[in-house]
Amino acid sequence: MHYRTEIDGLRALAVLPVIAYHAGFAGFSGGFVGVDIFFVISGYLISSILLDELQNQKFSLLGFYERRIRRILPALFLVLAFTAVIAWWLLLPHEIAAFGRSLMAVVVFASNILFWKESDYFATESEYIPLLHTWSLAVEEQYYVIFPLLLAFLWKFGRKPIYILLGLLTLIGIATSEWLWRVDAGANFYLLPSRFWELLIGALAAVYLKNNQPAAGWLTQLLSLLGVALVLGSIFLLNNSLPFPSSYALLPTLGAALIILFASPNNLAGQILALKPLVFVGLISYSAYLWHQPLLVFARMQPYVEPNLELMAAMAFCSLLFAWLSWRFVERPFRNRQRFTRSQIFIFAAVGSAFFLGLGYWFAQANQVA
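Okay, so let's go over this structure. (Residues numbered from 1 in each chain as written. Predicted model: local features only at pLDDT ≥ 70, side-chain atom pairs only at ≥ 80, totals over all residues. Heavy atoms only, no water.)

1. A short note on the layout of surface pockets
Okay, so step 1: In this structure, the largest pocket occupies an estimated 1,000 Å³ of space.
Okay, so step 2: Lining the largest pocket we find 34 residues, and of these Arg11, Leu45, Ile46, Arg71 and Arg335 sit closest to its centre.
Okay, so step 3: Sorting the residues of the lining of the largest pocket by element identifies helix 1 (5–23), helix 2 (34–55), helix 3 (61–90), helix 6 (135–155), helix 13 (276–283), helix 14 (285–301) and helix 15 (309–335) as the ones contributing at least two each.
Okay, so step 4: Broken down by element, the residue count for the lining of the largest pocket peaks at nine residues, all from helix 2.
Okay, so step 5: Taken together, the residues of the lining of the largest pocket break down into 18 nonpolar, five polar and eleven charged. (1 Å grid on protein atoms, 1.4 Å probe; cavity = no way out; pocket = protein on both sides within 12 Å on 5 of 7 lines; lining within 4 Å. Points joined across faces, edges and corners; volume = space filled by probe spheres on them. Helix = DSSP H or I, 4+ residues; strand = E, 2+ residues; numbered from the N terminus. Nonpolar A, V, L, I, M, F, W, Y, C, P; charged D, E, K, R; others polar.)

Written out as structure tokens, the structure is:
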């Protein structure tokens, strides 16, 4: 799969509104849809890699999870370590216990389930939960337990069954979210059954581009710009009073899909998204997403300065600065197979996970002793 600068530009359009939304900046009432855009991008990129491997008969489940570890865990462990130190210094005993539970849940990619039971994403108290944003990582990793095996199985039967089943599952997922928000809004927001279809939209885009050359001409120009308009419209026009995800989530997800399918260096949308500042933010977007929530939360909780717009803006900037440092000195080295072998990566994952599980348990128990 060849590198596409416009996809990094789209990543920037996903992460910046999320940061702005959580920082409380006016005008970004729908900034939370950045996560939905990330889901589509992830579904597209991972599916494209898997399809290439299946076509070249190089698919390996072990190799897949090695890539996921290299991509996800190094930067995540760094942020968890930083967050744990500040939490121990800043939080009250009962808050430390809650943080410990969330730390354990993050490591096993079950924080979406924990926060479904304990937190309302849109409630004011969510502004004081340092690891709340990790719910989306949990959704992705739960999805990727199943999806590679499903795609490898469907590949044996040709392209048409892949289209049919993934399309059917997407429709089922949309219907599930429309039903579930009426029954349990928290479960609808946090849990995989009403979210997987957003990743599948990206997967369907990958399947289409695997079998078709990107179109050209005025229609491509129009559709790619429509995608940008849907994404921007979602960010600025949606708000947390609407049921989400639901049919409203089709706006950012289909917008992201249109950009993936039709934006290119040959049209305006692709050229805008390939602007160097956007591409740069896109490259560091994963680390930026990890850093922004704890920085904003701790800024609100610290006792020295009254939280205000200037402080939140400074933390938003710091999230990008820390993201660049993480990307440069953590993400990139760990993704280099010349520096870290497969066995070293799996040992790193096991030891790091055990450490944070133990630390989270200790935090939770320390409060009980207190």
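2. Observations regarding the pattern of salt bridges
Okay, so step 1: Summed over the entire model, instances satisfying the criterion amount to 15 salt bridges.
Okay, so step 2: The shortest N-O distance in the salt bridge between Glu141 and Arg68 comes to 2.6 Å. With a gap of 73 residues between them, Glu141 in helix 6 and Arg68 in helix 3 connect regions that are remote in the sequence.
Okay, so step 3: Of the residues examined, Arg68 reaches a relative accessible area of 8% and is grouped as buried.
Okay, so step 4: In the salt-bridge network here, residues are joined through shared partners; they are Glu66, Arg70, Arg337 and Arg342. (Salt bridge = Lys/Arg side-chain N within 4 Å of Asp/Glu carboxyl O. Buried < 20%, exposed > 50% of the residue type's maximum accessible area, 1.4 Å probe, protein only.)

3. A closer look at unusual backbone geometry
Okay, so step 1: The peptide bond linking Phe244 to Pro245 adopts the cis configuration, its omega dihedral lying at -5 degrees.
Okay, so step 2: Relative to the helices and strands, Pro245 resides in the loop between helix 10 (218–237) and helix 11 (250–262).
Okay, so step 3: Phi is positive for Gln57, which is not a glycine, with a value near 55 degrees.
Okay, so step 4: Assignment of secondary structure puts Gln57 in the loop between helix 2 and helix 3.
Okay, so step 5: For Phe109, which is not a glycine, the phi torsion comes out positive at approximately 55 degrees.
Okay, so step 6: Mapped onto the secondary structure, Phe109 falls in the loop between helix 4 (93–107) and helix 5 (111–118).

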